[in-house]
Amino acid sequence: MAENFELQIITPDRIFYEGEASMVEFTSVDGEMGVYKHHIPLTTVLMPGIVTITEANGKKEAAIHAGFVQILGEKITFLAEVAEWPDEIDVNRAQAAKTRAEERLRSHSAEIDVARAEMALRRALVRLDVKQ
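First, a word on scope: everything that follows refers to the structure included in this document. (Residues numbered from 1 in each chain as written. Predicted model: local features only at pLDDT ≥ 70, side-chain atom pairs only at ≥ 80, totals over all residues. Heavy atoms only, no water.)

## Side note on helix α1 (residues 91-107)
Under the 1.5 Å per step criterion, the end-to-end length of α1 is 24 Å for 17 residues, consistent within 8% with the ideal 24 Å. Looking only at α1, the buried set comprises A94, K98 and A101. Projected down its long axis, α1 shows its buried positions confined to an angular sector of 70°, all on one face. Across from the buried face of α1, at angles greater than 90 degrees, the exposed residues are N92, R93 and R106. Where α1 is buried, its residues meet α2 (114-131). Its side-chain oxygen 3.0 Å from the backbone nitrogen of N92, D90 forms the N-cap of α1. H108, located one to two residues past α1, shows a positive phi value of around 55°. (Helix = DSSP H or I, 4+ residues; strand = E, 2+ residues; numbered from the N terminus. Expected span 1.5 Å × (residues − 1). Buried < 20%, exposed > 50% of the residue type's maximum accessible area, 1.4 Å probe, protein only. Arc of directions from axis to C-beta. Contact = heavy atoms within 4.5 Å. Polar contact = N/O pair within 3.5 Å; in protein donor to acceptor, adjacent residues only side chain to side chain.)

Okay, structure coming up:
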């Protein structure tokens with residue numbers, strides 16, 4: 001059985017999660033990561049994705065959008081721009097954001113910021129994925 005570590009997920013407007021976990025999975029700019037206690041110290045940049053928290057009584061999933069993760073031996077801290085539990089996600093709003101982002105990407109207009117549209121699409125898809 002894996003040992004527990006302290007996990008915090010902090011957003012600008014609240015402490016989203018604070019507790020003990022045996023594993024946390026998330027997406028960084030370097031790809032998918034799974035972290036246990038005593039992981040090597042590391043700071044990495046978050047990509048929009050699903051964070052999966054493994055606790056003693058099961059797993060919790062949430063949508064997380066951009067920020068940083070600091071991994072220390074016995075504590076992991078997420079500083080995220082946005083973090084949302086599935087019940088906080090408005091599916092209609094996420095679907096509308098997805099549609100808008102897809103339309104922007106299809107338009108190939110010179111005034112469209114492609115990177116921004118791609119990130120908006122990714123955030124919308126993460127919200128829809130975590131809600132299911």
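## Quick word on the nonpolar core
Within the largest apolar cluster, 22 residues are counted, with the highest numbers of intra-cluster contacts made by V24, F26 and F78. Only β1 (5-11), β2 (14-21), β3 (23-28), β4 (31-35), β6 (49-55), β7 (58-71) and β8 (75-84) provide two or more residues apiece to this core. Setting aside chain neighbours within four positions, we find F26 in contact with G31, E32, M33, V35, T44, L46, I50, V51, V69, I71 and F78. (Core = buried A, V, L, I, M, F, W, Y, C linked by side-chain atoms within 4.5 Å.)

## So, the pairing of β6
For β6, the tally of buried residues reaches six of seven residues, placing the bulk of the element in the interior. Inspection of the sheet shows β3 paired to β6 by three bridges, in the antiparallel sense. Counted as the bridge partner of V24 is I53 from β6. Note: β6 against β7, seven bridges, orientation antiparallel. By the bridge assignment for β7, E55 is matched with G58. The antiparallel hairpin formed by β6 and β7 contains two residues in its connecting segment. (Pairing = 2+ DSSP bridges.)

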